[in-house]
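Structural overview
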Amino acid sequence: MTATTTASEAGTRSADDRWYPANPAQKGLWVLDRVEQLRRTTLIPTVVRFTGPVDAPRLAAAVQWVLDRHPALRSRFRLDPERKRVEYRTDLEPARAGVIDAAAEGWTEAELPELVDVLCYAPFDLAAEAPARAELIVLGPEDVRLVLTVHHIVCDGWSHSLILREVEQVYRALARGVDPALPVPPHPGEVTVGPGTEELAERLPDVLERLAGAPLEVDFPFRRPVPAGADPDLDGGTLAIDLDEELTGALLDTAAAAGCTPFALGVALLTGTLAGIGTQRDFVIAFGWPGRDDPAIADVVGMFMNTAMLRVTLDGDRTTWGELLAGARIGAMEAFIDADVPLDAVTAGLKPERTVIWPPLSAVLVNLNESPRDLDLGHGVVGRLLPLDRLPMKYDLALFVRVDDTPRGRRLQLSVDFTRALFDATDIRRLLDAMRHNAALIAHSLEEPVTVAATPAVDLDDPAARLELVRSLWQEVLKLDSVGDDVNFFEAGGDSLLVVMLVERLIQTTGRALKTMDLFRAGTVRGHAELLATAGSPAGSGAAGSRDRLLGAARAAAAAR
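In this report, the structure presented in the accompanying data block is examined.

What counts, and at which threshold
- Residues numbered from 1 in each chain as written.
- Predicted model: local features only at pLDDT ≥ 70, side-chain atom pairs only at ≥ 80, totals over all residues.
- Heavy atoms only, no water.
- Disulfide = S-S within 2.5 Å.
- Core = buried A, V, L, I, M, F, W, Y, C linked by side-chain atoms within 4.5 Å.
- Buried < 20%, exposed > 50% of the residue type's maximum accessible area, 1.4 Å probe, protein only.
- Helix = DSSP H or I, 4+ residues; strand = E, 2+ residues; numbered from the N terminus.
- Contact = heavy atoms within 4.5 Å.
- Polar contact = N/O pair within 3.5 Å; in protein donor to acceptor, adjacent residues only side chain to side chain.
- Expected span 1.5 Å × (residues − 1).
- Pairing = 2+ DSSP bridges.
- Axes fitted to C-alpha atoms, helices over the stretch in contact; angles between N-to-C directions.
- Salt bridge = Lys/Arg side-chain N within 4 Å of Asp/Glu carboxyl O.
- Parallel < 35°, antiparallel > 145°, perpendicular 65-115°, else oblique.
- Left-handed = near helix turned anticlockwise from the far one by under 90°.
- Nonpolar A, V, L, I, M, F, W, Y, C, P; charged D, E, K, R; others polar.

**Brief notes about the state of the cysteines**
- Within the structure shown, the criterion is met by zero disulfides.
- Cys 155 provides the cysteine sulfur closest to Cys 120, a residue in no disulfide bond, and the two sulfurs are 14 Å apart.

Encoded structure:
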């Protein structure tokens, strides 16, 4: 990395030297921005609601500070036809952070969603305007919305988090009346990410060999067909589940013992669940590599992310959850070794006949969600990221894995972004319920075969579905063709050992916590179905988990006394 060039130094460079070549990821995004129906997918919109005694002018100054200081946010792009390259310069004016007084300017509550939508999704003219916009919408003395939209061509996920954290830092510094004193960031044009031409020629064959023969489509049994020749409807939705602290602790401990990160765990959960409800046993999944291996570029806003491909293969129907975790770990390690090999090069080698611009390979993504939950501006001012009303989808389906620390322990969230034209929300909810069920199996039953254990998900919020599930498990355990919903378990031929077996099958199938004594007391199909409606996730198992629970109970009892 060499010395950076700031806007004030641009006058010392020749006109040609002011233009930097775009990197491979930026070239791909520049192409996507030229396709009208894909332009919204190249934007990264963020809406933050600040509550408390927020100083709107100070917040606008903090946002402006961040927009001013990063060269990437001042970029203008062009195509050089002679050199056949996309290039950019950063010596022009940054975007201006605006302030909208909603009441004074006549914006009604009903009109605000439209205002926010326009600010989030209006496309940029990359040749003529800065690829970022920011507006503060003041709704009251303690209610301010920041709508910040940055083009993906100059901002990846890492940069997005960095921008928000810098807004937080600068506001707090300005509130104290001191200079924010942030270091001058390196210029993104002076940062080299990814292999050079000769190194790429050496490494690309290994990537192609690793992915050779794999199906590049992911088979979803519940995916809707798309009419041939139809323009894609990219409107997306999001659904999520949270695993409680006890299940999360047991699950992450089991994954860590197998050498799996939360990311690899998410890959195993998704591919194992899809294998359980379908026939596919070989998967190629996309993921975003942040391109920040060098600590020197940790504070650079730019687009350095590359999309890499990870392969996971099951051995027919014999693979256990433990073996799948190991396979996901190995697949992730192999993929990360070559994660900086440009996606275009991999696509050209695997699928030269592709008929779509994006996605060129797998339409399914798995990533960690590391965006900040809240921004703390001090003095009781807190900013919380709001969900977006619209979600333009670049992938058919994307799974995001998030681990948060809570006062009671770690908590795992699995969220799925999905294309509404391809998937029904009910099917995505069932997929997430099946993943919750499989999370409990990984935590407690690693030796279970993936495709045997991963029974179709049951909507446990549906009373009829709960009854049918409990009825079927009674029939399985009691070896009966039919049972009545109000017959006592012992009158139907059960005994104490069979009750324990039933408890185990219910926990395995639903991922819900159930106590044997409760099943004794609620001794009918209907009673057991009602228990499922209120049961939580199972607690962790093993000596360490038991010790932690005992110590926790002792502390709680001591505090109560």
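**With respect to the nonpolar core**
- Membership of the largest hydrophobic core comes to 62 residues, with the highest contact counts inside it found for Phe 50 and Leu 59.
- Among the elements that make up this core, the one with the highest residue count is helix 2 (residues 56–69) (seven residues).
- In contact with Leu 59, not counting residues within four places along its chain, are Phe 50, Val 54, Leu 136, Val 144, Val 167, Tyr 171 and Leu 377.
- Counting 57 residues, the second-largest nonpolar core is a separate cluster that includes Ile 285, Phe 287, Leu 412 and Ile 442.

**Here we look at the environment of Asp 17**
- As for its position among the elements, Asp 17 is in the segment before strand 1 (20–21).
- In the structure, Asp 17 is positioned 367 residues away from Arg 384 in sequence and 41 Å away in space, judged by C-alpha atoms.

**So, the side chain of Arg 203**
- Within the element layout of this structure, Arg 203 appears in helix 5 (residues 197–211).
- When its relative accessible area of 15% is taken as the criterion, Arg 203 is described as buried.
- Side-chain polar atoms of Arg 203 contact the backbone oxygen of Ile 337, separated by 3.2 Å.
- Those residues in contact with Arg 203, other than ones at most four positions away along the chain, are Pro 195, Ile 337, Asp 338, Asp 340 and Val 341.

**Considering helix 12 (residues 463–478)**
- Across its 16 residues, helix 12 extends 22 Å between first and last C-alpha, which sits within 8% of the 22 Å expected from 1.5 Å per residue.
- Restricting attention to buried positions, one finds in helix 12 the residues Ala 465, Arg 466, Leu 467, Leu 469, Val 470, Arg 471, Leu 473, Trp 474, Val 477 and Leu 478.
- Structurally, the start of helix 12 carries an N-cap: the backbone nitrogen of Ala 464 is 3.1 Å from a side-chain oxygen of Asp 462.
- Following helix 12 by one or two positions, Lys 479 has its phi on the positive side, about 60°.

**Considerations on the sheet that holds strand 5 (residues 97–101)**
- The strand order 5-6-7-2-13-12 describes an open sheet built from six strands, whose pairing is mixed. Of all strands in the sheet, those with a lone pairing partner are strand 5 and strand 12 (374–378), marking the two edges. On average, each strand axis in the sheet is tilted by 20° relative to the strand beside it, whichever way the strands run.
- Examined bridge by bridge, strand 2 (residues 43–51) and strand 7 (residues 143–151) share nine bridges and lie antiparallel to one another. The residue of strand 7 that forms the bridge with Val 48 is Leu 146.
- Along the sheet, helix 2 contacts strand 2, strand 5, strand 6 (132–140), strand 7 and strand 12; its crossing angle with strand 6, the most-contacted strand, is approximately 170°.

**Details of the pattern of salt bridges**
- Overall, the coordinates contain 36 salt bridges when judged by the stated rule.
- Of the charged contacts in the structure, one is a salt bridge between Arg 203 and Asp 340, with a shortest N-O distance of 2.6 Å. Of this pair, Arg 203 sits in helix 5 while Asp 340 sits in the loop between helix 8 (321–337) and helix 9 (343–350); the two residues are 137 residues apart in sequence, bridging distant segments of the chain.
- Look at Asp 340 and you get buried, because its relative accessible area is 18%.
- Across the pair Arg 411 and Glu 245 runs a salt bridge, and its minimum N-O distance is 3.1 Å.

**Observations regarding the packing of helix 6 (residues 245–257) against helix 10 (residues 425–444)**
- Viewed as axis vectors pointing N to C, helix 6 and helix 10 meet at an angle of 60°, and their least axial separation amounts to 8 Å. With respect to each other, helix 6 and helix 10 are oriented oblique. Pair helix 6 / helix 10 crosses with left-handed handedness. Mapping the contact onto sequence places Leu 247, Ala 250, Leu 251 and Thr 254 in helix 6 and Ala 439, Ala 440, Ile 442, Ala 443 and His 444 in helix 10.
- Per-class residue counts for the contact of helix 6 with helix 10 are seven nonpolar, two polar and no charged.

**Description of the sheet that holds strand 3 (residues 76–80)**
- Strand order across the open sheet formed by three strands is 1-4-3, with antiparallel pairing between neighbours. Of all the strands in the sheet, just strand 1 and strand 3 have a single pairing partner and so form its edges.
- For strand 1 and strand 4 (residues 85–89), the ladder comprises two bridges, and the chain directions are antiparallel. Paired with Pro 21 across the bridge in strand 4 is Glu 87.

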